[in-house]
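# Structural features, examined
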Amino acid sequence: MNQTNFHIKQITVKESYKVRQPVLRPGRPITSCVFDGDDLTTTIHLGIYEHHNIIGVCSFFKNDHKELPHPKQYQLRGMAVMESFQGKGIGNQILSYGESLMKEKNIKVIWCNARETALPFYKKSGYEIFGNAFEIPGIGTHYNMLKAL
């Protein structure tokens with residue numbers, strides 16, 4: 001796959017739904033893709049495109065986790081890559097781009113609620129599990145993960 005065909009840019013939350021819904025909430029209404037804080041000015045939504053087609057998204061929310069003592073932290077949410085592009089490095093590209101943006105903002109920690117199936121992806125990207133597994137009803141088992149920047 002030619003990596004030069006891809007570009008990443010900041011997007012609106014509504015643009016993120018084009019990937020969030022089919023990947024994270026398949027068969028559910030678009031309203032299930034709306035997250036608290038999506039519209040805050042501190043929230044950053046990113047999209048990765050192949051030519052003009054959005055194929056992956058992730059969002060960064062200014063949200064402190066109560067178990068983390070770090071004063072400068074953001075939460076990663078809505079990380080998703082269209083199924084036909086999964087396993088091809090697309091997720092790593094957009095995540096790395098977002099992490100660089102967070103470093104520029106002097107953010108020290110990124111944390112997320114990772115689906116059990118996504119643990120290998122996040123571990124490969126340098127994230128570590130903290131705390132115990134927990135269930136999100138209707139979605140499945142998740143783990144808190146963090147990465148110090």
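Below is a summary of the structure that appears in this document. What you are looking at is a predicted structure, and each value in this text was computed from that prediction instead of being measured.

Calculation notes
Residues numbered from 1 in each chain as written. Predicted model: local features only at pLDDT ≥ 70, side-chain atom pairs only at ≥ 80, totals over all residues. Heavy atoms only, no water. Helix = DSSP H or I, 4+ residues; strand = E, 2+ residues; numbered from the N terminus. Polar contact = N/O pair within 3.5 Å; in protein donor to acceptor, adjacent residues only side chain to side chain. Contact = heavy atoms within 4.5 Å. Pairing = 2+ DSSP bridges. Axes fitted to C-alpha atoms, helices over the stretch in contact; angles between N-to-C directions.

In this section: the side chain of Asp-38. Tracing the backbone through its elements, the reader meets Asp-38 in the loop between helix H1 (13–24) and strand S2 (44–50). Within the structure, Asp-38 has its side chain in polar contact with the backbone nitrogen of Phe-35 (distance 2.8 Å). Those residues in contact with Asp-38, other than ones at most four positions away along the chain, are Val-13, Tyr-17, Arg-20, Cys-33, Thr-43, His-45 and Phe-61.

Considering the arrangement of structural elements, one finds Lys-88 in the loop between strand S4 (73–81) and helix H2 (90–104). One polar contact links the side chain of Lys-88 to the main-chain carbonyl oxygen of Ser-84, over a distance of 3.1 Å.

Sheet architecture is open: seven strands sit in the order S1-S2-S3-S4-S5-S7-S6, paired in mixed fashion. With one partner strand each, in any of the chains shown, strand S1 (6–10) and strand S6 (128–136) form the two edges of the open sheet. Ignoring which end each strand starts from, the neighbouring axes of this sheet average 25° apart. As paired elements, S1 and S2 share five bridges and run antiparallel to each other.

In short, the description is geometric, and any link to function would need to be established separately.
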